[in-house]
Amino acid sequence: MQSELEDLWKRRDEVPLQSAEAVAAVDAAIGLLDTGRARVAELLDGEVVVHEWLKNAILLLYKQASPQPSQFGPFQCADKIPLKSTIDGVQVSPGAVIRRGSYQEPGAVVMPSHIGIGSYVGEGTLVDSWVGIGSCAQIGRNVHLSGGVGLGGMIEPPMAKPVVIEDDAFIGARSMVYSGARVGEGALLGAGALLTDTIPVIDAATGEELSRGEVPPWTVAVPANRPREFAGGTFGLPCLLVIKHLKKGERHDKAKLNDAVRTQPPATLTL
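Listed in full, the buried residues belonging to helix α1 (residues 2-10) are L5, L8 and W9. Taken end-on, α1 shows its buried residues confined to a sector of 100°, consistent with a single buried face. Away from its buried face, by an angle of more than 90 degrees, α1 presents the exposed residues S3 and K10. Of the surrounding elements, those touching the buried residues of α1 are α2 (20-34) and α3 (52-64).

Encoded structure:
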């Protein structure tokens, strides 16, 4: 399937993408993403590895598809990407919009939010209200995405790394993570934080710039700014400030609040 999609992508301007063979090939690849049998990107030996052929399949789908009418509650919609038809073992609240080609592991909790194609949400992760998960974003297990969080995807260019939120991370309310940025395992991002691949992450204890666009594992990072001189004056540019280093496996107090939400009830309840 991979070689077939790679060939189709190379010849996308030469072959009829609406042919039965092309449509079947793209649909099969999207089916792999939809069932979790394949991922657009994954962590291998600590590095983000992108599977470009699966991204290409999503881009080809956009070329093939035309908006189709559908019903979402009382609303009439017209979209190229249909909603998921099967979600097993996932707690989903009314108002959640989950597109086909994304995958949520059993045990995830999804409040009213939007989850884009190609994205992956791990077991035990809480997607709180009004969260937007962009296409191809990769979310680990036992993550807490607080209300109003925005996670950018990264479909184009195909080789670009998507946003990655690693296991046990906590993303504070109204935070924005875009442009292939990465939040490490067990890290806590304070409310209202902005993180892109160019935002400096600075250690508050030393003033050292730790990275651009990557929050180290098991740290607490909050939004801040630092002065920069320009011809027109001195202006504060956004950065993230690491104010605490946690022991590996240590959970910050805020990250402990959603255990009750994640707990699955017994099969039979007596009321």
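And the narrative resumes.
Next up on the list: the environment of C239. Mapping C239 onto the fold places it in strand β26 (residues 233-245). Taking the C-alpha atoms as reference points, C239 and L44, 195 residues apart in sequence, are found 28 Å from one another. If we skip the residues at most four places from it in the chain, C239 touches I199, P200, I202, V222, P223, A224, N225 and R226.

Judged by nonpolar contacts, the single largest core of 33 residues is most densely connected at I133 and I165. By size, the runner-up hydrophobic cluster in this structure holds 30 residues, among which are L8, A29, I30 and A41.

Let's shift gears to the packing of aromatic side chains. Within the structure shown, the criterion is met by two aromatic pairs. Centroid distance Y103 to Y120: 5.4 Å. Interplanar angle 50°. Geometry classified as tilted. Placement of the pair is Y103 in strand β7 (residues 103-104) and Y120 in strand β10 (residues 120-121), with a sequence separation of 17 residues. The class of Y103 is buried, set by a relative accessible area of 18%. Y120 gets classed as buried once you look at its relative accessible area, which sits at 8%. Taking the ring centre of W9 as reference, the NZ or CZ of R12 above it sits at 3.8 Å. Between R39 and the ring centre of Y120, over which it is positioned, the NZ or CZ distance is 3.7 Å.

So, how was this worked out
Residues numbered from 1 in each chain as written. Predicted model: local features only at pLDDT ≥ 70, side-chain atom pairs only at ≥ 80, totals over all residues. Heavy atoms only, no water. Buried < 20%, exposed > 50% of the residue type's maximum accessible area, 1.4 Å probe, protein only. Helix = DSSP H or I, 4+ residues; strand = E, 2+ residues; numbered from the N terminus. Arc of directions from axis to C-beta. Contact = heavy atoms within 4.5 Å. Core = buried A, V, L, I, M, F, W, Y, C linked by side-chain atoms within 4.5 Å. Phe/Tyr/Trp six-rings, centres within 6.5 Å; stacked < 30°, edge-to-face > 60°. Lys NZ or Arg CZ within 6 Å of the ring centre and 35° of its normal.

Honestly, that's just the spatial picture; any functional story needs more than this.
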